[in-house]
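A closer look at the structure
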Amino acid sequence: HGPERGGVGDRPSERPDGVEGRTERVDAVHRDVPEARLEPDDLARRDFTINAIAYRLNGPQAGALIDPAGGRDDLAAGLVRVLHAGSFADDPSRILRAVRYAARLGFSLERTTTEWATAAAGRVDPANARVGEELRRLLHEEQAAAALDLAARLGVPWICPDSATLRAHFGA
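What counts, and where the lines are drawn
Residues numbered from 1 in each chain as written. Predicted model: local features only at pLDDT ≥ 70, side-chain atom pairs only at ≥ 80, totals over all residues. Heavy atoms only, no water. Helix = DSSP H or I, 4+ residues; strand = E, 2+ residues; numbered from the N terminus. Buried < 20%, exposed > 50% of the residue type's maximum accessible area, 1.4 Å probe, protein only. Contact = heavy atoms within 4.5 Å. Arc of directions from axis to C-beta. Polar contact = N/O pair within 3.5 Å; in protein donor to acceptor, adjacent residues only side chain to side chain. Salt bridge = Lys/Arg side-chain N within 4 Å of Asp/Glu carboxyl O. Phe/Tyr/Trp six-rings, centres within 6.5 Å; stacked < 30°, edge-to-face > 60°. Core = buried A, V, L, I, M, F, W, Y, C linked by side-chain atoms within 4.5 Å. Axes fitted to C-alpha atoms, helices over the stretch in contact; angles between N-to-C directions. Parallel < 35°, antiparallel > 145°, perpendicular 65-115°, else oblique. Left-handed = near helix turned anticlockwise from the far one by under 90°. Nonpolar A, V, L, I, M, F, W, Y, C, P; charged D, E, K, R; others polar.

**Structural notes on the overall build of the protein chain**
Looking only at helices and strands, one finds seven helices and four strands in the protein chain. In sequence order, the secondary structure elements of the protein chain are arranged as β-β-α-β-α-α-β-α-α-α-α. For the protein chain, the proportion of its 172 residues judged to be buried stands at 33%. Counting only contacts in the protein chain whose residues sit at least 6 apart along the sequence, the fraction spanning at least 24 positions is 60%.

**Concerning helix α5 (residues 129-139)**
Taken together, the buried positions of α5 are occupied by Val131, Glu134, Leu135 and Leu138. The arc that holds the buried residues of α5, viewed along the axis, is 100°, so those residues lie on one side. As for α5, its buried residues are in contact with α3 (93-105) and α6 (144-154). For α5, the side-chain oxygen to backbone nitrogen distance between the N-cap and arginine 130 is 2.8 Å, and the N-cap itself is asparagine 128.

**Some details on the pattern of salt bridges**
For the structure on display, the rule yields 17 salt bridges. Residue glutamate 141 pairs with arginine 104 through a salt bridge whose shortest N-O separation is 2.6 Å. With a gap of 37 residues between them, glutamate 141 in the loop between α5 and α6 and arginine 104 in helix α3 connect regions that are remote in the sequence. Under the relative-accessibility criterion, glutamate 141 is labelled buried at 17%. Here aspartate 149 and arginine 153 are joined by a salt bridge, their closest N and O atoms 3.4 Å apart.

**Here we look at the packing of aromatic side chains**
Counted by the stated rule, this structure contains one aromatic pair. When the centroid spacing of 5.7 Å and the interplanar angle of 75° are considered together, the rings of phenylalanine 48 and tyrosine 101 count as edge-to-face. Of this pair, phenylalanine 48 sits in the segment before β1 (54-55) while tyrosine 101 sits in helix α3; the two residues are 53 residues apart in sequence, bridging distant segments of the chain. Here phenylalanine 48 matches tyrosine 101 in class, with each residue buried.

**A look at the nonpolar core**
If you look at the biggest cluster of nonpolar residues, it comprises 30 residues, and the most contacted ones within it are Phe48, Val80, Phe88, Ile95, Leu96 and Val99. For isoleucine 95, the contacting residues outside a window of four places in its chain are Phe88, Ala117, Ala120, Ala121, Val124, Leu154 and Val156.

**Topic: the environment of alanine 146**
Positionally, alanine 146 belongs in helix α6. Along the backbone, alanine 146 and arginine 104 are 42 residues apart, and their C-alpha atoms lie at a distance of 8.7 Å.

**Things to note about the packing of α3 against α6**
In the contact formed by α3 and α6, the axes pass within 8 Å of each other and the chain directions differ by 135°. One element, α3, and the other, α6, form an angle in the oblique class. For α3 against α6, the interelement crossing comes out right-handed. Across the interface between the two elements, Ile95, Leu96, Val99, Arg100, Ala102 and Ala103 of α3 pack against Ala146, Ala147, Leu150, Ala151 and Leu154 of α6. Residues belonging to the contact of α3 with α6 are distributed by class as follows: ten nonpolar, no polar and one charged.

Honestly, it's all geometry; don't read function into it.
Now the structure itself:
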C-alpha cells in the first residue's frame, strides 16, 4: 500500500518552511532501522536560535529537547537572534529571512542581531538568487508590509522606506 495524502499542509502555502508531512501504512515491522542521528554541528549551522532546536526521536534519550543556542528562551522572549557575528555577511539573504520570521511571529530582532543586520543591509542584492527567493517568500506572507518596513529600517537600500506606502499597497 502506498502513502496516503490529504489534509492541511498539502499545499506549499500551508506548510511551515522546510516541513512536509505524510502518513504511511506499514505492513511489516522493520527491526533494522538505524537510529536517527544528529550530527554534532548540525544545529550550529542554522540561521537563528529559534530554528536551532531539535527533539531526540529515539535512543536512550528519546524525547529530550536539544537546545544548545538558547532557542527556547528566545521563543519565550519573542526574539529572533542569529547564531554568529558573520551570519549576515556570510549570507545577506538571512536579513530578509530574519525580518520575515519576526513579522510572521510578531517577534523583534535581538539587539546585537539588529546591529549586525544593519551593518550588512547594504549587501542585500535582489539580483542574487538566494535573496530573490527570500524576497518571494516574504512577499507571500500575511505580514509582508511589516517585514518590508523592518527591512527598510535596517537599511536595505532598495526597499521603500515609506511604511505608509507599504501598508497601503499590502493592506497591512
